[in-house]
Amino acid sequence: MTEFMVDRNYPPAIRILDHLIKTEGENENLNYRKGLCLLYSKAHDNRTSLAYLEKASKNINKKYDGVSDSETGANEDVIFYLAKSNFINENLSKAENLYLQFLEGKKKKNDAMKIVAEAELTQVRNAKKLMDKPKDLTIDNLGRQINSRYPDYAPVITLDGQALYYTSRRLWKDSSNLDMIDPQTNQFLEDVYVSYMDFDREWTDPVRLDFCLPERHEATVTVSQDESKVYLYQDDNGIGNIYYSVLSGTEFTDIKKVEGKINSDAWETHLTFTHDGQNAYFVSDREGGLGGRDIWRMVRFSNGEWSEPYNLGAPVNSIYDEDAPFIGVDNKTLYYSSNGLKSMGGFDVFRTILNDEDKWSPPINMGYPLNTVVDDIFFTTTADGHTGFLSSNRADGHGEKDIYKVYDLEPEMMGISTLKGLISTTDGSLIPDDFRIEVSCSNCDNYPIKIVSPRKVNGGYFSKLESCRDFKVEFYQGETLLKSEIVQTECNDEFQIFKRDYILDVENKKFTDPKPKDPIIPADTYVFKGAEMKHYFSYNANKLDNSNQELKSFLKTALLKLLITNQTLIIMLFLWRKLKHF
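Scope of this entry: the structure provided in the associated data block. (Residues numbered from 1 in each chain as written. Predicted model: local features only at pLDDT ≥ 70, side-chain atom pairs only at ≥ 80, totals over all residues. Heavy atoms only, no water.)

### Observations regarding the overall build of the chain
Here comes step 1: Looking only at helices and strands, the chain features eight helices and 36 strands.
Here comes step 2: The burial tally for the chain puts 50% of its 582 residues in the buried class.
Here comes step 3: Within the chain, counting contacts between residues at least 6 apart in sequence, those at least 24 apart form 52% of the total.
Here comes step 4: Split by element, the accessible area of the chain, about 29900 Å² in all, is 50% carbon and sulfur. (Helix = DSSP H or I, 4+ residues; strand = E, 2+ residues; numbered from the N terminus. Buried < 20%, exposed > 50% of the residue type's maximum accessible area, 1.4 Å probe, protein only. Contact = heavy atoms within 4.5 Å. Areas by Shrake-Rupley, 256 points an atom, 1.4 Å probe, with all protein chains shown as cover.)

### Observations concerning the packing of helix H5 (residues 78-88) against helix H7 (residues 112-132)
Here comes step 1: Contact geometry of H5 with H7 gives a least axis separation of 11 Å together with a crossing angle of 25°. One finds that H5 runs roughly parallel with respect to H7. The interaxial crossing formed by H5 with H7 has left-handed handedness. When H5 is examined against H7, the residues Phe80, Tyr81, Lys84 and Phe87 are found in contact with a partner set consisting of Met113, Val116, Ala117, Glu120, Gln123, Val124 and Ala127.
Here comes step 2: In the contact of H5 with H7, the residues fall into eight nonpolar, one polar and two charged. (Axes fitted to C-alpha atoms, helices over the stretch in contact; angles between N-to-C directions. Parallel < 35°, antiparallel > 145°, perpendicular 65-115°, else oblique. Left-handed = near helix turned anticlockwise from the far one by under 90°. Nonpolar A, V, L, I, M, F, W, Y, C, P; charged D, E, K, R; others polar.)

### What to know about the pairing of strand E28 (residues 470-477)
Here comes step 1: For E28, the buried fraction is high: six of the eight residues fall into the buried class.
Here comes step 2: Here strand E25 (residues 435-441) pairs with E28 via seven bridges, running antiparallel. Each bridged residue has a counterpart across the sheet, and for Glu438 the counterpart in E28 is Glu474.
Here comes step 3: Where E28 meets strand E29 (residues 480-488), eight bridges bridge the pair, whose relative direction is antiparallel. From the neighbouring strand, Lys472 faces E29, where its bridge partner is Ile486. (Pairing = 2+ DSSP bridges.)

### Thoughts on the side chain of Asp348
Here comes step 1: Its place among the elements puts Asp348 in strand E19 (residues 348-353).
Here comes step 2: Within the buried core, Asp348 has no salt-bridge partner, and the shortest N-O distance to an opposite charge, that of Arg394, equals 8.1 Å.
Here comes step 3: A polar contact of 3.0 Å, which involves the side chain of Asp348, links it to the side chain of Asn365.
Here comes step 4: When residues no more than four places from it in sequence are discounted, the contact partners of Asp348 are Tyr336, Ser337, Ser338, Lys342, Ser343, Asn365, Asn371, Thr372, Val374 and Asp376. (Lys, Arg positive; Asp, Glu negative; His and termini not counted. Salt bridge = Lys/Arg side-chain N within 4 Å of Asp/Glu carboxyl O. Polar contact = N/O pair within 3.5 Å; in protein donor to acceptor, adjacent residues only side chain to side chain.)

### Describing the packing of aromatic side chains
Here comes step 1: Applying the stated rule across the entire model yields 23 aromatic pairs.
Here comes step 2: Ring centres 6.4 Å apart and planes at 55° place the aromatic pair Tyr32 and Tyr81 in the tilted group. Linking Tyr32 in helix H3 (residues 28-40) with Tyr81 in helix H5, this pair joins segments that are 49 residues apart in sequence.
Here comes step 3: Accessibility expressed as a relative area gives 6% for Tyr32, which makes it buried.
Here comes step 4: Three or more aromatic residues joined by ring pairs make a cluster, and in this case those are Tyr10, Tyr32, Tyr40, Tyr64, Phe80, Tyr81, Tyr99 and Phe102.
Here comes step 5: Looking at Arg170, its charged tip hangs above the ring of Tyr193, at a distance of 5.0 Å from the centre. (Phe/Tyr/Trp six-rings, centres within 6.5 Å; stacked < 30°, edge-to-face > 60°. Lys NZ or Arg CZ within 6 Å of the ring centre and 35° of its normal.)

### Brief notes about unusual backbone geometry
Here comes step 1: Backbone torsion omega between Ala314 and Pro315 reads 5°, so that peptide bond is classified as cis.
Here comes step 2: Along the chain, Pro315 falls in the loop between strand E16 (310-311) and strand E17 (322-327).
Here comes step 3: A cis geometry characterises the amide bond from Tyr368 onward to Pro369, with omega recorded as 15°.
Here comes step 4: In this fold, Pro369 is placed in the loop between strand E20 (364-365) and strand E21 (376-381).
Here comes step 5: Notably, Asn331 is not glycine yet its phi reads approximately 70°, a positive angle.
Here comes step 6: Along the chain, Asn331 falls in the loop between E17 and strand E18 (333-338).

### Considering the sheet that holds strand E14 (residues 279-284)
Here comes step 1: Strand order in the open sheet formed by four strands is E13-E14-E15-E16, with antiparallel pairing between adjacent strands. Looking at which strands have only one partner, the edges of the open sheet turn out to be strand E13 (268-273) and E16.
Here comes step 2: The pairing of E14 with strand E15 (residues 294-299) spans six bridges and is classified as antiparallel. Bridging from a neighbouring strand, Asn279 pairs with Val299 of E15.

### What to know about the nonpolar core
Here comes step 1: If you look at the biggest cluster of nonpolar residues, it comprises 38 residues, and the most contacted ones within it are Tyr32, Cys37, Val78, Tyr81, Phe87, Tyr99 and Val373.
Here comes step 2: Per-element accounting of this core gives the leading share, eight residues, to H5.
Here comes step 3: When residues no more than four places from it in sequence are discounted, the contact partners of Cys37 are Met5, Tyr10, Ala13, Ile14 and Leu17. (Core = buried A, V, L, I, M, F, W, Y, C linked by side-chain atoms within 4.5 Å.)

### Here's the deal with the sheet that holds E21
Here comes step 1: An order of E1-E23-E22-E21 is seen for the four strands of this open sheet, with the pairing classed as antiparallel. Edge positions in the open sheet fall to strand E1 (138-141) and E21, since each of these has one partner strand only. In this sheet, adjacent strand axes meet at a mean angle of 25° when their direction is disregarded.
Here comes step 2: Relative to strand E23 (residues 402-407), E1 runs antiparallel, the two sharing four bridges. Counted as the bridge partner of Ile139 is Val406 from E23.

### Examining the pattern of salt bridges
Here comes step 1: Considering all chains together, one arrives at 25 salt bridges under this definition.
Here comes step 2: For the salt bridge of Lys401 with Glu400, the shortest nitrogen-to-oxygen distance reads 3.0 Å.
Here comes step 3: For Lys401, a relative accessible area of 22% puts it in the partly exposed group.
Here comes step 4: Classification of Glu400 by relative accessible area gives buried; the value is 19%.
Here comes step 5: For Asp501, the salt bridge is made with Lys499, and the minimal N-O distance between the two is 2.7 Å. For the pair formed by Asp501 and Lys499, the shared burial category is buried.

### Structural notes on the state of the cysteines
A disulfide bridge is the covalent bond that connects two cysteines by way of their sulfur atoms.
Here comes step 1: Tallying each qualifying case throughout the model produces two disulfides.
Here comes step 2: Two residues share a disulfide in this structure: Cys441 and Cys444, whose sulfurs sit 1.8 Å from each other. Handedness here is read from the sign of the S-S torsion; for Cys441 and Cys444, about 70°, the answer is right-handed. As far as burial versus exposure is concerned, Cys441 and Cys444 are alike and both buried.
Here comes step 3: When the bonded cysteines of the chain are counted from the start of the sequence, the pairing works out to 1-2, 3-4. (Disulfide = S-S within 2.5 Å.)

### Focus on the environment of Lys106
Here comes step 1: With respect to the secondary-structure elements, Lys106 resides in the loop between helix H6 (92-104) and H7.
Here comes step 2: On the basis of relative accessible area, Lys106 is assigned to the partly exposed category, the value being 23%.
Here comes step 3: The contact partners of Lys106, leaving out residues within four places of it in the chain, are Asp111 and Lys114.

### As for the environment of Asp294
Here comes step 1: Mapped onto the elements of the fold, Asp294 is located in strand E15.
Here comes step 2: In the structure, Asp294 is positioned 18 residues away from Leu312 in sequence and 7.9 Å away in space, judged by C-alpha atoms.
Here comes step 3: Beyond its immediate chain neighbours, meaning those up to four positions away, Asp294 contacts Phe282, Val283, Ser284, Gly289, Asn311, Asn317, Ser318, Tyr320 and Glu322.
Here comes step 4: Separated by 2.9 Å, the side chains of Asp294 and Asn311 make a polar contact.

So this is what it looks like as structure tokens:
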């Protein structure tokens, strides 16, 4: 048992402890050891450690002998672990007092546990402040369609919000990975899955990508803008490296290690690219960093070559760990996670912005409830920056880690225009390989023609457009031009979406019955008929007077918002104390 604990192989240690507790009865030493194992085990809910550590703290032996079979007391460091367990159970005041109690007994300045306790005490105090002033956000667990009773994490959402790539340690449907267990976690190995948003805005059944093998780890890192390349993390005998797979037709090729300057003899865990492809940000614990894992950057030169990697430095990096960078579509808003002194516990999501002088703004903690007292990491957003996805091991999860969706994020991407849409086929077949969208700019300097390829599975496509420009958008099947139009982006800081959905007749190479697009039409061109509404109560019945045109004004605003943003409008009627959604 002791050897398992020293090797941090907690699942078998817990099984031995359960047997000893059952056969020999409880004592504070066994409770101490089991509480410690539960606290750090990834195969168990670490919140359950609290009951065991509380029992263990009743009998502390200052001369604790960890190798003696006759030891029945607990080590005095049980106070530290009890503080940590209260912390993750959100008993913040109790955790604060226990950390202070533990620190009172630590006199050496360089004591390793003292340094950790001081940092976690700071995080507890951060948590109290942030939880007292929660952000106005909505956070939903993606539910059983995406999450399972196994760990599900590292989400990568495409910019159009139509495809979700993520990592799962679940049992395969054919159980062919049943015997492939990671001994350190007692979990299945990592695999990459993808789910698509269907036309009813529901996630489809997740599909495991072709390159996944039951005997090796593959974990999501990022996806190229056109989804033709998936980047992933793999552990190569203790050295983490970044790999990629290319979409060939409808299948992904086997993985290859990323060439160049990103991978090294150190530990690389994550990678992301700016939307314009001119910058790469990755995570490494190589020499030259500020602490553990740091975020590094490379810049692409005009000849296509990459610069040497350089550390982002302070204020982004710290002596702690920074991980999981993601760059917004504006190429300058960086989201990442850190477990440093500004966290409220474990990894928290932070945001910083690159200014015109190539300097990063002071990172801002994204606040509670996006961040919690446990790890909140792998944050990505859709193009507008209003909707995000992250992984967390919150108490309401289905597995050890779950994926969550975050609504109503601020601020949105400013001065950004996007072209997006869905191409479907009349016979339900896949989009042909020779279908493409060409985007050119008539009043841009040195703007090459951009080739946009729709997603094979559901025909979704996406492209960023510069503001205050005139773009020609052409749809081709082979050499046949199906449609051409001019898109003019506004010269302001608003976020604009130009949505174009079409139905493709593959055999005859033409669009048929195109779905209405969403032009931005001045509000004064709409004419509304008079509207009236009745409402009844048990004590009164009357007719709403619409002479002030409040209802008309509301409906006009709602319709324009629908046309411009392609959002969904929910009308809620309170009827006889029942809430109905339409």
